[in-house]
Amino acid sequence: MDSDLFSGRRAERFAQLLDEANGGRRHHVRSRADGKLTALVGVTRRLTVERPTVEVDADFRTGLRAMLVATAEREGLPATTDAGAGGLGALLPAITGRRARARGAILVGVAAGAIALSGISAASENALPGDALYGMKRSTERAQLALASSDISRGQLFLDFARTRLDEAATVRDDRLGFSAVLDDMDADTRQGVRLLTTVAAQRSDPTALDAVDTFLAGQRRVVSGLLARPDHADRDRTRRSLALLDAAGRRADALRETIACGLPAPTASDTLGPAPTTCPGER
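These numbers were taken from a predicted model, which means no experiment stands behind them.

Draft legend 1. Region of the structure containing the pattern of salt bridges. Evaluated as defined, the whole model comprises 17 salt bridges. Note that Asp185 is salt-bridged to Arg138, the shortest N-O span being 3.4 Å. Of this pair, Asp185 sits in helix α8 (residues 176-204) while Arg138 sits in helix α6 (residues 134-147), placing them 47 residues apart in sequence. We classify Asp185 as partly exposed; its relative accessible area is 31%. A salt bridge links Arg165 to Asp189, with the nearest nitrogen and oxygen atoms 3.8 Å apart.

Draft legend 2. Examining the packing of α8 against helix α10 (residues 233-261) more closely. Relative orientation of the contacting elements α8 and α10 amounts to 5°, with a least axis distance of 10 Å. Considering their axes alone, α8 and α10 lie roughly parallel with respect to each other. Class assignment for the residues of the contact of α8 with α10 results in 12 nonpolar, 5 polar and 8 charged.

Draft legend 3. Structural view of the packing of helix α9 (residues 208-226) against α10. Where α9 contacts α10, the two axes come as close as 10 Å, and the packing angle between them is 155°. Between α9 and α10, the angle is such that the two are roughly antiparallel. With respect to the hand of their crossing, α9 and α10 are arranged in left-handed fashion. Of the residues in α10, those touching α9 at Leu210, Asp211, Val213, Asp214, Phe216, Leu217, Gln220, Arg221, Val224 and Ser225 are Thr239, Ser242, Leu243, Leu246, Asp247, Ala249, Gly250, Ala253, Leu256 and Arg257. Across the contact of α9 with α10, the residue classes break down as 10 nonpolar, 5 polar and 5 charged.

Draft legend 4. Up close: the packing of aromatic side chains. Taken as a whole and assessed by the stated rule, the structure comprises 0 aromatic pairs. The side chain of Arg230 reaches across the aromatic face of Phe179, ending 4.0 Å from its centre.

Draft legend 5. Representation of the environment of Ala127 in the model. Take Ala127: it is sitting in the loop between α5 (119-124) and α6. Between the alpha carbons of Ala127 and Arg138 there is a distance of 9.6 Å; along the sequence they are 11 residues apart. Each residue touching Ala127, except ones within four places of it in the same chain, is listed here: Leu133, Tyr134, Lys137 and Glu168.

Draft legend 6. Representation of unusual backbone geometry within the structure. In this structure, Ser205 takes a positive phi of about 50° despite not being glycine. Since its relative accessible area comes to 44%, Ser205 is described here as partly exposed.

Draft legend 7. Structural detail: α9. Here α9 contains 19 residues, and its C-alpha end-to-end distance of 29 Å stays within 8% of the 27 Å for a straight helix at 1.5 Å per residue. For α9, every residue scored as buried is listed here: Ala209, Leu210, Ala212, Val213, Phe216, Leu217, Gln220 and Val224. Looking at the buried side of α9, the elements it contacts are α7 (151-171), α8 and α10.

Draft legend 8. Quick peek at α10. Under the 1.5 Å per step criterion, the end-to-end length of α10 is 42 Å for 29 residues, consistent within 8% with the ideal 42 Å. Backbone nitrogen of Ala234 and a side-chain oxygen of the N-cap are separated by 2.8 Å at the start of α10; the cap is Asp232. Gly263, located one to two residues past α10, shows a positive phi value of around 75°.

Draft legend 9. Representation of the side chain of Asp189. Within the element layout of this structure, Asp189 appears in helix α8. We classify Asp189 as buried; its relative accessible area is 10%. Those residues within four positions of Asp189 in sequence are excluded, and the remaining contacts are Phe158, Leu159, Phe161, Ala162 and Arg165.

Draft legend 10. Molecular detail of the environment of Thr38. Locating Thr38 in the fold gives a position in helix α2 (residues 34-49). Taking the C-alpha atoms as reference, Thr38 lies 8.8 Å from Leu18; in sequence the two are 20 residues apart.

Draft legend 11. Highlighting the confidence of the model for the protein. A residue-level look at the protein finds 64% of positions with pLDDT of 70 or above and a mean pLDDT of 77. Per-element confidence in the protein is highest for α9, whose mean pLDDT is 96, and lowest for helix α4 (residues 97-116), whose mean pLDDT is 55. Considering only residues more than four positions removed or in separate chains, one finds that residues 1-6, a stretch of pLDDT under 50, has 21 contacts. Across residues 79-92, where pLDDT falls below 50, the model places 14 contacts with residues more than four positions away in sequence or in other chains.

What counts and what doesn't
- Residues numbered from 1 in each chain as written.
- Predicted model: local features only at pLDDT ≥ 70, side-chain atom pairs only at ≥ 80, totals over all residues.
- Heavy atoms only, no water.
- Salt bridge = Lys/Arg side-chain N within 4 Å of Asp/Glu carboxyl O.
- Helix = DSSP H or I, 4+ residues; strand = E, 2+ residues; numbered from the N terminus.
- Buried < 20%, exposed > 50% of the residue type's maximum accessible area, 1.4 Å probe, protein only.
- Axes fitted to C-alpha atoms, helices over the stretch in contact; angles between N-to-C directions.
- Parallel < 35°, antiparallel > 145°, perpendicular 65-115°, else oblique.
- Nonpolar A, V, L, I, M, F, W, Y, C, P; charged D, E, K, R; others polar.
- Left-handed = near helix turned anticlockwise from the far one by under 90°.
- Contact = heavy atoms within 4.5 Å.
- Phe/Tyr/Trp six-rings, centres within 6.5 Å; stacked < 30°, edge-to-face > 60°.
- Lys NZ or Arg CZ within 6 Å of the ring centre and 35° of its normal.
- Expected span 1.5 Å × (residues − 1).
- Polar contact = N/O pair within 3.5 Å; in protein donor to acceptor, adjacent residues only side chain to side chain.
- pLDDT = per-residue confidence, 0-100.

Structure representation (structure tokens):
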């Protein structure tokens, strides 16, 4: 499948999902990209419904308009109308049918992603579980993942999100279920990030991607260990499970480095932390 998020087929599917979300007829088709595109549709809907108050500076508006115009030109939309009126919005009626919907979806996707990752995200980046904008914060994270250009970028984003969940966990007070839920999300992000980065390292026989894992683990272990000071015994037990996951991720990264150094082929077996390392010749 074309890896470009806004390829022709994906843009058409994105347009269909937008239609359905806005009450249009249901399209009885599915795409492997639906998960990523649905996240962007969710961001678009939130931007329409919630409309959080954010002051977007003039530089951002200018940059966003320039990006949209450049995208339109790259996708074959003319820069002005025949009447010379100019302006991107006036161009869309001149293009009909499937082509207009697909290319319109490209522009909507670019705009939704750009806004979600700029002014709107600024309003929600400090939101905590239970806050009104927390859902927007998580939607913005999903949009970032959908727009990431490679598995390395996605892996690093997941690890960044795990750091964010840890910051949130530190603020949860007198709420055992809430604390555990945030750590569950943190551990899920940790597994996803480590799995993506270890897989890239194994496939390329290059340990460079593991450097991001090592950096993450060094800081994350220290902060997670600080949560052991919480007075609730159940909170401490739950924290130890997260520490055990970090230890397992560290062992996996170390073992993969050894496998790569031995010049062995990429492991075929894998689990939630990625490829299972192969033992080097001569080792027991």
